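Report on the structure
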Amino acid sequence: MKLKIAYSPCPNDTFVFDAWAHGRVPGAPRLDVTFADIDVTNGWAEGGADDHDVLKVSYAVLPWILDEYALLPCGGALGRGCGPLVLTREEGTGSELAGKTVAVPSERSTAYLLFRLWAAETVPGGVGNVVVMPFHEIMPAVRDGKVDAGLVIHEARFTYQSYGLHSLADMGEHWEATTGLPIPLGAIVARRSLGEETLRLLAESARTSVRMAWDDPTASRPYVLEHAQEMDPKVADQHIGLYVNEFTADLGEHGYAAIRGLLTRAAAEGLVPPFGPDALSFP
């Protein structure tokens, strides 16, 4: 059996899936890997026409896709101190974004949901225009004055100061302070049509792959750096350290509580459709 999977070229994904993608996980299905930005995979999952069996998507897109896809209890990105940042050219407060233009990486991303929940409490009257652009274009756009602020993710947490930018607010800090829960970012989903036995095998394969990466971090190094888009190796290590943690191996009680908390609050604000109490259950 060979399954089609799509995930990002970011260090956390290549670190997690290295052993599995290279056939080192005993008994795991072989993988045919496609690299794609998470905004692309979100669209594939929501469109329903894509032929990938397994996808890395934003938790924010789950309410639209859970009829067709099951959430795997491992392999994704969820943690603490790893939330998106709102960046500006000048220091200030959130209230200064009222009526301003903000660049975001996706309107279906967890980052965007966290931003909207934060803005509802912090920005009087709300922001003005929201424009979507690839995440690697956001910091240059803010620096060059094309937009007033930018919502950034991934390694931008470590590099924004090199663009002369300031962190106006940390969406993760706001989320953790108001809920006490970790931050749900990226999820691994698989087609329900694969059947319960295969879904359980996929979950165990992902869990084994991440544990193998932890046991021998040097084994994944070539794969990580090959796809890290000229990222400084130290930044790649920081990226992995931030986004690959105990929740990657097993969402657990707190992980599921964070996902339900985010999507329930977002549904109450009209940002996502409501979803049933058993929608996140795994076979």
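Definitions and cut-offs
- Residues numbered from 1 in each chain as written.
- Predicted model: local features only at pLDDT ≥ 70, side-chain atom pairs only at ≥ 80, totals over all residues.
- Heavy atoms only, no water.
- Helix = DSSP H or I, 4+ residues; strand = E, 2+ residues; numbered from the N terminus.
- Buried < 20%, exposed > 50% of the residue type's maximum accessible area, 1.4 Å probe, protein only.
- Contact = heavy atoms within 4.5 Å.
- Pairing = 2+ DSSP bridges.
- Disulfide = S-S within 2.5 Å.
- Arc of directions from axis to C-beta.
- Polar contact = N/O pair within 3.5 Å; in protein donor to acceptor, adjacent residues only side chain to side chain.

1. Here we look at the overall build of the protein chain
- Summing up its helical and strand segments, the protein chain has 12 helices and 11 strands in all.
- Judged by the C-alpha coordinates and their principal axes, the protein chain covers about 55 × 40 × 35 Å.
- For the protein chain, with 283 residues in total, the buried portion stands at 54%.
- Within the protein chain, contacts between residues separated by at least 24 positions form 81% of all contacts whose residues are at least 6 apart in sequence.

2. Overview of the pairing of strand S11 (residues 183-191)
- The buried fraction of S11 amounts to 9 of the 9 residues, a majority that puts the element mostly inside the structure.
- Here 5 bridges tie strand S3 (residues 54-58) to S11, and the two strands are oriented antiparallel to one another. Looking at the pairing, Lys56 lines up with Ile188 of S11.
- Relative to S11, strand S4 (residues 69-71) runs antiparallel, the two being bridged by 3 bridges. Counterpart to Leu71 in the pairing with S11 is Val189.

3. Looking at the state of the cysteines
- Overall, the coordinates contain 0 disulfides when judged by the stated rule.
- The thiol of Cys74 is unpaired, and the distance to the nearest cysteine sulfur, on Cys82, comes to 17 Å.
- Accessibility expressed as a relative area gives 2% for Cys74, which makes it buried.

4. Some details on helix H2 (residues 38-47)
- All of the buried residues in H2 are Ile38, Thr41, Asn42 and Ala45. Along the long axis of H2, the arc covered by the buried residues comes to 105°, so they all point the same way.
- The elements touched by buried residues of H2 are strand S1 (2-7), S3, helix H3 (62-65) and S4.
- A side-chain oxygen of the first residue of H2 lies 3.0 Å from the backbone nitrogen of Asp39; this N-cap is Asp37.

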